[in-house]
Amino acid sequence: YLVDWRHIAIIEADGVATTPMDVNEIEILAGQRYSVVLNANQPVANYWINAPFVGGDPTRNLNQNATLSRAILRYAGAPAADPPGPMGLGPLNPNALLEANLRPFVADTPPPPDVNITLNLVVVRTESYGRQGTVERQQRFVLAS
């Protein structure tokens, strides 16, 4: 998700208020929610909002087309028309959201644990031959007996 020439401040992630974080690019996955503040301080005009699909193969999914996931941010007083230029390909200097950098607006101390559980896990590695002779490796954790 990006708005041409704009920075946005993230103020909430999945219902939890966060310390505001300025970014110009957010990757939102299924089920995620963000509240943002956009400082509308540019000249009165129309601007593209772009929410391109990421990942996957667009040749296998015809709906994965950047032109199908855009909108127009129209300032009051701007003409009811498309923005004057083509939709941007993203910021020249990306400042993408790193979720690990989000901090709660109000720190909340977790309660002490009321149950302690010790699990003995073992790493299991498997290999198998996939399509076209490729080796597929998996690693998973299982409970030790």
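Residues numbered from 1 in each chain as written. Predicted model: local features only at pLDDT ≥ 70, side-chain atom pairs only at ≥ 80, totals over all residues. Heavy atoms only, no water.

**Examining the packing of aromatic side chains**
Link 1 in the chain: If you walk through the whole model with that rule in mind, you get one aromatic pair.
Link 2 in the chain: Between Tyr-47 and Tyr-75 the ring centres are 5.5 Å apart and the planes differ by 55 degrees, which places this aromatic pair in the tilted class. One end of the pair, Tyr-47, is in strand 5 (residues 46-50); the other, Tyr-75, is in the loop between strand 6 (70-74) and strand 7 (121-129), and 28 residues separate them in sequence. The residues Tyr-47 and Tyr-75 share a single accessibility class, namely buried. (Phe/Tyr/Trp six-rings, centres within 6.5 Å; stacked < 30°, edge-to-face > 60°. Helix = DSSP H or I, 4+ residues; strand = E, 2+ residues; numbered from the N terminus. Buried < 20%, exposed > 50% of the residue type's maximum accessible area, 1.4 Å probe, protein only.)

**So, unusual backbone geometry**
Link 1 in the chain: One non-glycine residue, Asp-14, lies in positive phi territory at about 50 degrees.
Link 2 in the chain: Residue position: Asp-14 is located in the loop between strand 2 (8-13) and strand 3 (16-23).
Link 3 in the chain: Since its relative accessible area comes to 39%, Asp-14 is described here as partly exposed.

**Considerations on the environment of Val-37**
Link 1 in the chain: If you trace the backbone, Val-37 turns up in strand 4 (residues 34-38).
Link 2 in the chain: The spatial distance from the C-alpha of Val-37 to the C-alpha of Glu-12 is 9.8 Å, given a sequence separation of 25 residues.
Link 3 in the chain: Not counting chain neighbours up to four residues away, the residues in contact with Val-37 comprise Ile-8, Ala-9 and Ile-11. (Contact = heavy atoms within 4.5 Å.)

**Some thoughts on a nonpolar patch on the surface**
Link 1 in the chain: Taken together, the side chains of Val-115, Ile-117, Leu-119, Leu-121 and Leu-143 define a hydrophobic patch exposed on the protein surface, amounting to about 550 Å² of accessible area.
Link 2 in the chain: Examined against the element boundaries, Leu-121 turns out to sit in strand 7. (Patch = residues over 30% accessible without salt bridge, like charges linked within 9 Å, V, L, I, M, F, W, Y side chains within 5 Å. Areas by Shrake-Rupley, 256 points an atom, 1.4 Å probe, with all protein chains shown as cover. Salt bridge = Lys/Arg side-chain N within 4 Å of Asp/Glu carboxyl O.)

**Quick word on the nonpolar core**
Link 1 in the chain: Core analysis: the biggest nonpolar cluster contains nine residues, these being Ile-8, Ile-10, Ala-13, Met-21, Val-23, Ile-26, Tyr-34, Leu-97 and Leu-102.
Link 2 in the chain: Elements represented by at least two residues in this core include exactly strand 2 and strand 3.
Link 3 in the chain: Ranked by the residues each element gives to this core, the list is headed by strand 2, at three residues.
Link 4 in the chain: Sequence-distant contacts of Ala-13, that is, excluding residues within four places in its chain, are made with Thr-18, Arg-33, Tyr-34 and Leu-102. (Core = buried A, V, L, I, M, F, W, Y, C linked by side-chain atoms within 4.5 Å.)

**Focus on the pattern of salt bridges**
Link 1 in the chain: Going through the model one piece at a time under the given rule, you end up with one salt bridge.
Link 2 in the chain: One salt bridge in this structure joins Arg-33 and Asp-14, with 3.9 Å as the shortest N-O distance. Of this pair, Arg-33 sits in the loop between strand 3 and strand 4 while Asp-14 sits in the loop between strand 2 and strand 3, and the two are 19 residues apart along the sequence.
Link 3 in the chain: With relative accessibility at 53%, the residue Arg-33 sits in the exposed group.

That's the geometry; what it means functionally is another story.
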